[in-house]
Amino acid sequence: MNYQETLDWMFVQLPMYQRQGAAAYKKDLSNTWLLVDKIGNPENNFKSIHVAGTNGKGSCSHMLASVLQEAGYKVGLYTSPHLVDFRERIKVNGKEIPEEKVVRFIDENKCFFEKNYLSFFEMTVGLAFDYFSDVKVDFAIIEVGLGGRLDSTNIIKPEVSLITNIGLDHVQFLGDTLEKIAFEKGGIIKENIPVVIGEFQQETYPVFADIAKQKNAPVFLASDLIKGDYFSDLQGSYQKHNIKSVLQTLNVLEDNGYIINKSCITIGLMNVVKNTRLLGRWQVLSEAPKTICDTAHNKEGLIYTMRQLLNEEYKQLHIVLGMVNDKDLDSVLPLFPNNARYYFCKPNLGRGLEVGVLKKSAEHFGLFGNAFDSASQAYKSAKENASFDDVIYVGGSTFVIAEILE
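Residues numbered from 1 in each chain as written. Predicted model: local features only at pLDDT ≥ 70, side-chain atom pairs only at ≥ 80, totals over all residues. Heavy atoms only, no water.

*Asks:* Sorry, what's going on with the sheet that holds strand β3 (residues 90-92) here?
*Replies:* Taken together, eight strands build an open sheet; the order of strands is β4-β3-β2-β5-β1-β6-β7-β8 and the sheet is mixed. The two strands at the open ends of the sheet, each matched to only one other strand, are β4 (95-96) and β8 (219-221). Bridge count between strand β6 (residues 160-163) and strand β7 (residues 195-197): three bridges; the pairing is parallel. Of the residues in β7, the one forming a bridge with L162 is V196. (Pairing = 2+ DSSP bridges. Helix = DSSP H or I, 4+ residues; strand = E, 2+ residues; numbered from the N terminus.)

Structure below.
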């Protein structure tokens, strides 16, 4: 198979949470252990940082990678989902894994994958760890895909773990309370390995503290320990919380003997996009009209994003909006402004929310506009209707962003 044929096989043949939902969620790590044992346990050949949380884990992972690159380390970065190209998930010093490496890994292990019914995510984690081992990275920043305790990435023994924050997302898998979700995220806390908690939340911090006590893991609360304001080229107002999480994680690494100069931290934080090619975080696509896309897709993330959006200056606000079908519309739709013109769409995947359902629900909250068959059509219409002094915002789902960036 060539690269495109390989991707087609990966996406179609194997369950993938982002597209299929519950069918792709595995209840244990047995397949992942089976795979890494087959390929020689590559996860043991590099240092790692494990990053979990409802919001901010992607931004934090990219910031950590950028700073460590500036400090002279060779850094692997594993994140999900991708926006345009599958290879965005696996990078070394900002460069995506070569197509031929993806093709070769799948070809060499295809019979094993089929025999053992490995999921898309298990297979991709194995590919990432194998690649990071092959190219001899010094560090790998590993972002959890879903939850933590049962996530395929949770076979590593990191130098430090980071849990950014907890919100009510993916409740059908992780539980319907903040405490239950915190228990799942806290599953990445390891014996005697320090853990950084990004933000204090009354419902969740005791859960983390209890797990950490059982495992003799030192706990560091970033929101209390990091003072002052720090800056990044990631422009979302919510990044101030992520920066504190990153700085405390770096402090733990320094306490453990890793050399990370202050200047590297400053330069790394200000060059995240350049160093890692991160997409979709308050990304300004154009000016006149100013066009912004952001991957915030749950209540906790959208609170900050909508607050920042309303601080923009515009004559008319246009919002291209699509969501997946597991979102609690009653909690997220009230966050959107009534004074905007809406362009509703369905993300191009099986679990995309039907545009008619979204439009009807939005109208209950005073959000009015037209329905479109795709995100690209909705975006095209918004651009045609917007004047130079308007603002266009695209969001609601990672997959809406992916479609307009293609």
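*Asks:* Any chance you could explain the side chain of T79 here in plain terms?
*Replies:* For T79, the location among the structural elements is in the loop between β2 (75-78) and β3. Those residues within four positions of T79 in sequence are excluded, and the remaining contacts are S61, H62, E88, R89 and E143. (Contact = heavy atoms within 4.5 Å.)

*Asks:* Help me understand helix α16 (residues 355-364) in this model?
*Replies:* For an α-helix, the turn length of 3.6 residues means that residues three or four places apart are oriented alike. Of the residues making up α16, those classed as buried are V355, L358, S361 and A362. For α16, the angular spread of the buried residues around the axis is 130°, confining them to a single face. What points out from α16, more than 90 degrees from its buried face, is the exposed set K360 and H364. If you follow the buried residues of α16, they end up packed against β11 (317-321), α15 (329-332), β12 (340-344) and β13 (369-371). Of the residues one or two after α16, G366 is the one with positive phi, at around 75°. (Buried < 20%, exposed > 50% of the residue type's maximum accessible area, 1.4 Å probe, protein only. Arc of directions from axis to C-beta.)

*Asks:* I keep staring at the pairing of β11 and nothing clicks. Help me out?
*Replies:* Two faces make up the sheet, and in a regular strand the side chains alternate between them. Taking burial as the measure, the five residues of β11 include five buried ones, the bulk of the element. Neither face of β11 is exposed, since L317, I319 and L321 on one face and H318 and V320 on the opposite face are all buried. Direction of pairing for β11 relative to β12: parallel, over a ladder of five bridges. Residue H318 lies in a different strand from β12, and its bridge partner there is R341. Bridge analysis of β11 against strand β14 (residues 391-395) gives five bridges, and the strand direction is parallel. Looking at β14, one finds that L321 is bridged to G395.

*Asks:* What's the story with the side chain of K57 in this structure? I'm lost.
*Replies:* Tracing the sequence through the fold places K57 in helix α4 (residues 57-70). Buried within the structure, K57 lacks any salt-bridge partner; E143 is the closest side chain of opposite charge, at an N-O distance of 4.1 Å. Leave out the neighbours within four places in its chain, and K57 touches V51, A52, E143, V144, G145 and T164. (Lys, Arg positive; Asp, Glu negative; His and termini not counted. Salt bridge = Lys/Arg side-chain N within 4 Å of Asp/Glu carboxyl O.)

*Asks:* Would you take a moment to explain unusual backbone geometry for this structure?
*Replies:* Only a minority of non-glycine residues have a phi that is not negative, and only a minority of peptide bonds are not trans. S80 connects to P81 through a cis peptide bond whose omega is -10°. As for its placement among the helices and strands, P81 is situated in the loop between β2 and β3. In this chain, A288 is followed by P289 through a cis amide linkage whose omega measures 0°. For N41, which is not a glycine, the phi torsion comes out positive at approximately 50°. Take N41: it is sitting in the loop between α3 (30-38) and β1 (47-52). Located in the positive-phi region is N216, a residue other than glycine, with phi close to 55°. Along the chain, the position of N216 falls in the loop between α9 (205-214) and β8.

*Asks:* Explain the sheet that holds β14 here, please?
*Replies:* Strand pairing in a sheet relies on backbone hydrogen bonds. The paired strands run either parallel or antiparallel. Spatially, β9-β10-β14-β11-β12-β13 is the arrangement adopted by the six strands of the open sheet, whose pairing is mixed. At either end of the open sheet lies a strand with only one pairing partner, and these are β9 (283-286) and β13. On average, each strand axis in the sheet is inclined to that of its neighbour by 20°, with strand direction left out of account. In this fold helix α14 (residues 299-310) packs onto β11 and β14, with an angle of close to 170° to the strand it touches most, β14. (Axes fitted to C-alpha atoms, helices over the stretch in contact; angles between N-to-C directions.)

*Asks:* Just checking my understanding: could you explain the packing of aromatic side chains for this structure?
*Replies:* Applying the stated criterion across every chain yields a total of 14 aromatic pairs. The ring of F112 has K38 lying over it, and the distance from NZ or CZ to the ring centre is 5.6 Å. Here the basic side chain of R87 rests over the ring of Y3, its NZ or CZ set 5.9 Å away from the ring centre. (Phe/Tyr/Trp six-rings, centres within 6.5 Å; stacked < 30°, edge-to-face > 60°. Lys NZ or Arg CZ within 6 Å of the ring centre and 35° of its normal.)

*Asks:* Whenever I open this one, the environment of I49 confuses me. Can you help?
*Replies:* Looking at where I49 falls in the secondary structure, it is placed in strand β1. It is 30 Å that separates the C-alpha atoms of I49 and E114, two residues lying 65 residues apart in sequence. Beyond its immediate sequence surroundings of up to four residues, I49 is in contact with L64, L68, F139, A140, I141, I142, P158, V160, T249 and L253.

*Asks:* Just checking my understanding: could you explain the nonpolar core for this structure?
*Replies:* In summary, soluble globular proteins display a tendency toward joint burial of nonpolar side chains. Formed by 35 residues in total, the largest nonpolar core has its most connected members in M10, Y78, F86, I90, F113, F129 and F132. The set of elements that each furnish at least two residues to this core consists of α1 (3-13), α3, β3, α5 (99-116), α6 (120-134) and β5 (139-143). Among the elements that take part in this core, α6 stands out by supplying nine residues, more than any other. If sequence neighbours within four positions are ignored, I90 has contacts with L77, Y78, K95, E96, I97, T124, L127, A128, Y131 and F132. (Core = buried A, V, L, I, M, F, W, Y, C linked by side-chain atoms within 4.5 Å.)

*Asks:* What's the story with the pattern of salt bridges in this structure? I'm lost.
*Replies:* Two side chains carrying opposite charge are able to pair once their charged atoms lie near each other. With the rule as written, the count across this model stands at ten salt bridges. For K101, the salt bridge goes to D130, with nearest N and O atoms at 2.8 Å. Highlighted residues: K101 in helix α5 and D130 in helix α6, separated in sequence by 29 residues. K101 gets classed as buried once you look at its relative accessible area, which sits at 10%. As a salt-bridge pair, K110 and E114 come within 3.2 Å of each other at their nearest N and O atoms. Note that K110 and E114 are positioned in helix α5 at a spacing of four residues, about one turn of the helix. K110 gets classed as partly exposed once you look at its relative accessible area, which sits at 23%.

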